[in-house]
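# Coordinate inspection notes
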Amino acid sequence: MKKPGPPDLNGEIIHERRLMPLGLISLYEVTFNNGKYAVMRLDKVQPFHQGDVFKRVNNCWYCDEQLIHPYAFQFVDQAEAQRSFIEYER
């Protein structure tokens, strides 16, 4: 019997910013369809924007049909995501 994979997951960007000084990493506060939030980091030349949707399908992440590779992140509640997004410095 085939083992079921992780369910598809969608997350909408609610805030985004580039990290300084070089701006090579973008930071996103995301709300997911599982009721959780996360702060996701991506090494991306052209950042995504508020309202864009990250999707996980078969353990691969996409945004606007483009394959992405986010750094490790944790699912947290809304207050923790907001705090982490505001305070994150790197």
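Provided above is the structure to which this section pertains.
Starting afresh in each chain, residues are numbered from 1 along the sequence in its written order. Since the coordinates come from a predicted model, pLDDT governs what is reported: local features require at least 70, and pairs of side-chain atoms require 80 or more to be given and counted, while whole-chain, interface and lining totals use all residues. Water and hydrogen atoms were dropped before computing side-chain values, which therefore reflect all heavy atoms in the structure.

## Quick word on unusual backbone geometry
The condition that has to hold: Put simply, DSSP H or I for four residues or longer makes a helix, DSSP E for two residues or longer makes a strand, and each gets a number counted from the N terminus.
Located in the positive-phi region is Asp64, a residue other than glycine, with phi close to 50°. Phi is positive for Glu65, close to 65°, though the residue is something other than glycine. Position of Glu65 among the secondary structure elements: in the loop between β5 (60-63) and β6 (66-68).

## Observations regarding the sheet that holds strand β4 (residues 53-57)
Selection criterion: The pairing criterion is simple: DSSP has to find at least two bridges between the two strands. To get an axis, a line is fitted to the C-alpha atoms, and for a helix only the part in contact is used. The angle between two axes follows their N-to-C directions and goes from 0 to 180 degrees.
Ordered by their spatial adjacency, six strands build an open sheet running β3-β2-β1-β4-β5-β6, and the pairing between neighbours is antiparallel. A strand with exactly one partner marks an edge of an open sheet, and here the two such strands are β3 (37-43) and β6. For this sheet the average axis-to-axis angle between neighbouring strands, irrespective of direction, equals 35°. By the bridge criterion, seven bridges tie strand β1 (residues 9-18) to strand β2 (residues 25-32) in an arrangement that is antiparallel. If you follow His15 over to β2, its bridge partner there is Glu29.

## Structural notes on the pattern of salt bridges
Defined as follows: Take a side-chain nitrogen of Lys or Arg and a carboxyl oxygen of Asp or Glu: if they are within 4 Å of each other, that pair is a salt bridge. Under the scheme applied here, a residue whose accessible area is under 20% of the maximum for its type counts as buried, over 50% as exposed, and between as partly exposed, the area being computed with a 1.4 Å probe on protein chains only.
Throughout the structure, instances matching the rule amount to two salt bridges. Taking the shortest distance from any N to any O, the salt bridge between Arg83 and Glu80 comes out at 2.4 Å. With a gap of three residues between them, Arg83 and Glu80 both fall in helix α1 (residues 78-87), about one helical turn apart. Measuring nitrogen to oxygen at the nearest pair gives 2.6 Å for the salt bridge that ties Glu87 to Arg83. Of the two residues, Glu87 and Arg83 both sit in helix α1, four residues apart, roughly one turn of that helix. Arg83 sits in the partly exposed class, given a relative accessible area of 38%. Overlapping salt bridges bring together Glu80, Arg83 and Glu87 as one network.

## Here we look at the packing of aromatic side chains
The following threshold applies: What counts as a ring pair is set by centres within 6.5 Å for rings of Phe, Tyr and Trp (its six-membered ring), and what kind of pair is set by the plane angle: stacked under 30 degrees, edge-to-face over 60, tilted for all other angles.
Overall, the coordinates contain eight aromatic pairs when judged by the stated rule. Pairing Phe32 with Phe75 gives two aromatic rings, centres 5.1 Å apart and planes at 85°, and the pair type is edge-to-face. You can see Phe32 sitting in strand β2 and its partner Phe75 sitting in the loop between β6 and α1, a full 43 residues away along the chain. Residue Phe75 is classed as partly exposed on the basis of its relative accessible area, which comes to 36%.

## A look at the pairing of β3
Taking burial as the measure, the seven residues of β3 include six buried ones, the bulk of the element. Across seven bridges, the pairing between β2 and β3 is antiparallel. Opposite Glu29, over in β3, you have Val39 as the bridge partner. As consecutive antiparallel partners, β2 and β3 are separated by four residues, and within that stretch Gly35 has a phi angle of approximately 85°, a positive value.

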